[in-house]
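Coordinate analysis (summary)
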Amino acid sequence: MSYPADFKPSQKGDVEQQISTLKETYLSGVTRPIEWRRKQLMKLFDALENNTETFQVALAKDFGKPAHEVLLTELQTLKTEIVEVLGHIKAWMKPESGDAAFPFNLTFPKIEKRPLGVALIIGAWNYPLFVTLGPLIGAIAAGCPAIIKPSELAPNCAVAMEKVLHQYLDRNSYRVVQGGVEETTHLLNQKWDTIFYTGGGNVGRIVATAAAKNLTPVTLELGGKNAVVITKNADLKLAARRIAWGKVTNAGQTCVAPDYILFTDPGLENRFTEEFKKQVAEFYPEQSWRNPGTYTRIVNTGHFNRIKKLIDETSGKVVVGGFTDASQRLIEPTLVSGCTFDDSLMSQEIFGPVLPMLQASSLDDAIRTIQRREKSLAVYIFSNDKSEQAQLLENVDSGGAMVNDVMHQCAMTRMPFGGVGESGTGAHNGVAGFNAFTHRRTVVKQPGWLDGLMGIRYAPYTPSKISQFKMLAPKRSWNADYTERSFFRKVIRFSLSLALILAAYKYIQPRIAARL
């Protein structure tokens, strides 16, 4: 593909020097104080606030993303998260009191929140700001310097990101590296303290393999075929409006977009189709999706051809949309009926504005069908029956889930957003993003007087010490038939344990006094 003139792949020597600088910055401790982290987060907020038009123009050039979508799905979400992180970071950084059994609880152990170290953040092209700078918010909050690698498939946004971040953030702590496969491979060959990757599963495996060579912890935000289950108890008009919105936003190039519909009852498909058609017409009066600036284009020719081929080879019937224009990389919002799981549209994640519809014989059948497939990043159910909602949520695993809506779960910046299985590992957003770049270190300060209780650990192991050890050993809290013991028996056991602690203190206290 052709790149803008100011998109310049980073040189290997420069990259290695930048990594070395970031490691020295981390070892100096400059990124650890809360005041420093808060200042960088505030600067990132200003970077987004003051360069809104810059990013809107860049994304319009890359794949025709409408300006309002840049605000709605990228900048607004990021700024909201920054403000929320600023309000909670002090509490997140504070050491936690540890939970230890007797006698270790007498040492009052703590859990410290330590930055993992220098991070590599590899972003994706579909929401290049959200999926790249979202993890960066977590890295800054956790006190981790980072190399940011934007996707080369959105080169104008990558250039804008580099200029803006280098202008606003500490350049000894945060650097943007540009390039394609060669430059990314070189980055993966370096030693990192943690890696955060957003993208497809195939590259995710490459990232995980590279990380494994150095036992580097990795967070993978991937994707999958996100099912939408619609039952007879759904509000079909509401379902059509929300599903259509989820499929046309960013032209369906969203990792949590609805990927296929499973109807659980006969007669729903035709009614849903009519409502879907009305909603698309309402969103885009007089086919305004044809007009630049109103509806996102497919990111490049390769992805356009892939999606068009899926449409051309489907055994289903196109009942809404179907128009394509290669010169604009434009695909009309498209709904396909009568599909099966052997259909071309079910062979891979579509990642475009095309939605196949399939029929299940019942909710049980729909659940069994989804269970046999790989775990996706999201699952959706439209039903006003709480028992149906509970049945699906209880029996289907996924990264996230929504009832009677789609996609909004990833915009809830206080809630973890991440996958499971094929859809990824780990999460970000809010405290989850902070935790993704944080090591929880147990710290115990063991006083000398505790040997009065823990002397049994030293040789020689006399019968007296063995008896003391057995006295401190855990006991069953359940009955012989594996049922729970009664509350009264638990109270008796607690009282006896308390008496043991008091007796131990009575034994130790005079010895401590004698030493003093």
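Conventions and cut-offs
- Throughout this document, residue positions are counted from 1 along each chain, in the order its sequence is written.
- For a predicted model such as this one, the threshold for reporting local features is a pLDDT of at least 70, and the threshold for listing and counting side-chain atom pairs is 80 or more; totals across whole chains, interfaces and linings nevertheless cover every residue.
- The side-chain quantities take in all heavy atoms of the structure and omit both hydrogens and water.
- Put simply, DSSP H or I for four residues or longer makes a helix, DSSP E for two residues or longer makes a strand, and each gets a number counted from the N terminus.
- Exposure categories follow from relative accessible area, calculated using a 1.4 Å probe and restricted to protein chains: below 20% of the type maximum is buried, above 50% is exposed, and the middle band is partly exposed.
- Throughout, a contact is declared for two residues whenever any of their heavy atoms are within 4.5 Å.
- Shrake-Rupley sampling with a 1.4 Å probe provides the accessible areas, and residues are treated as covered by the protein chains on show and by no other component.
- Under this rule, positive means Lys or Arg and negative means Asp or Glu; His and the chain ends count for nothing.
- A charge is said to be at NZ when it belongs to Lys, at CZ for Arg, at CG for Asp and at CD for Glu.
- Nonpolar cores are built from buried Ala, Val, Leu, Ile, Met, Phe, Trp, Tyr and Cys residues. Side-chain atoms within 4.5 Å join them into one set.
- Think of a patch as exposed residues, more than 30% relative accessible area, with no salt bridge, where like charges cluster within 9 Å and nonpolar side chains (Val, Leu, Ile, Met, Phe, Trp, Tyr) cluster within 5 Å.
- The term salt bridge refers to a pairing of a side-chain nitrogen on Lys or Arg with a carboxyl oxygen on Asp or Glu at a separation within 4 Å.
- Any two strands between which DSSP finds at least two bridges are classified as paired.
- Axes here mean lines fitted to C-alpha atoms, for a helix over just the part in contact, with angles spanning 0 to 180 degrees between N-to-C directions.
- The path from the first strand over the helix to the second decides the hand: if it runs clockwise while the strands point away from the viewer, the crossover is right-handed.
- Here is the rule for angles: anything less than 35 degrees is roughly parallel, anything more than 145 is roughly antiparallel, 65 through 115 is roughly perpendicular, and the remaining ranges are oblique.
- Take the far helix as the reference: if the near one is turned anticlockwise from it by less than a right angle, the crossing is left-handed, and if turned clockwise, right-handed.
- For this scheme, ten residues count as nonpolar: Ala, Val, Leu, Ile, Met, Phe, Trp, Tyr, Cys and Pro. Four count as charged, namely Asp, Glu, Lys and Arg, and the remainder, Gly too, count as polar.

**Regarding the overall build of the protein**
- Scanning the protein for helices and strands turns up 17 helices and 20 strands.
- In terms of overall dimensions, the protein has a C-alpha envelope of 90 × 60 × 35 Å along the principal axes.
- When burial is assessed residue by residue, the protein has 51% of its 516 residues classed as buried.
- In the protein, the share of contacts with a sequence separation of at least 24, taken over all contacts with a separation of at least 6, comes to 73%.
- A total accessible area of about 24600 Å² is found for the protein, and carbon and sulfur atoms account for 55% of it.
- Charge separation in the protein, taken as the distance between the mean sites of 60 positive and 50 negative side-chain charges, equals 11 Å.

**Focus on the nonpolar core**
- Within the largest apolar cluster, 114 residues are counted, with the highest numbers of intra-cluster contacts made by L136, I230, I243 and F272.
- For L136, the contacting residues outside a window of four places in its chain are L44, I121, A146, I148, L165, L169 and Y174.
- Residues L22, L120, L188 and Y197 belong to the second largest nonpolar core, which totals 19 residues.

**Regarding a positive patch on the surface**
- On the surface, a cluster of positive charge is made up of K237, R241, R242 and K278.
- Looking at the positive patch element by element, the count peaks at 3 residues for helix α9 (residues 236-248).
- Examined against the element boundaries, R241 turns out to sit in helix α9.

**Some details on the sheet that holds strand β16 (residues 398-403)**
- Pairing within the open sheet is mixed, and its 7 strands lie in the order β10-β13-β14-β9-β8-β15-β16. A single partner strand is all that each edge strand has here, and the edge strands are β10 (317-320) and β16. Averaged over neighbouring strand pairs, the angle between their axes works out to 25° when direction is ignored.
- Pairing geometry for strand β15 (residues 376-382) and β16, over 5 bridges, is parallel. What sits directly across from Y380, in β16, is M402.
- Along the sheet, helix α10 (residues 268-283) makes contact with β8 (227-230), β9 (260-263), β10, β13 (334-337) and β14 (354-359), crossing β10 at roughly 50°.

**Topic: the pairing of β15**
- With 7 of 7 residues buried, β15 lies mostly within the body of the structure.
- For the crossover from β15 across helix α13 (residues 386-395) to β16, the handedness is right-handed.

**Description of the packing of helix α2 (residues 34-50) against helix α6 (residues 155-168)**
- Relative to each other, α2 and α6 sit at 135°, their axes nearing to 9 Å. Put simply, α2 runs oblique to α6. With respect to the hand of their crossing, α2 and α6 are arranged in right-handed fashion. Where α2 abuts α6, its residues K43, L44, D46, A47 and N50 lie against V164, L165 and Y168.
- Looking at the contact of α2 with α6 residue by residue, the class counts come to 5 nonpolar, 1 polar and 2 charged.

**Considerations on unusual backbone geometry**
- Of note, the bond from A459 into P460 is cis; its omega dihedral lies within 30 degrees of zero at 0°.
- Within the secondary structure, P460 sits in the loop between α15 (451-454) and α16 (463-472).
- Residues other than glycine seldom take positive phi values, yet L215 does so here, at roughly 55°.
- Of note, L215 is situated in the loop between α8 (201-213) and β7 (218-221).
- You can call L215 exposed: its relative accessible area is 78%.

**Some remarks on the sheet that holds strand β18 (residues 424-425)**
- Read from one edge of the open sheet, 6 strands run β5-β4-β3-β6-β7-β18, paired in mixed fashion. In this open sheet, the two strands that pair with only one neighbour each are β5 (174-176) and β18.
- Across 4 bridges, strand β6 (residues 194-198) lies against β7 in parallel orientation. When the bridges of β7 are listed, T198 appears paired with E221.
- Of the strands in this sheet, β4 (146-149) and β5 are in contact with helix α1 (residues 12-28), which crosses β4 at around 145°.
- Across the face of the sheet, α6 comes into contact with β4 and β5 while running at roughly 160° to β5.

In short, geometric facts, not functional conclusions.
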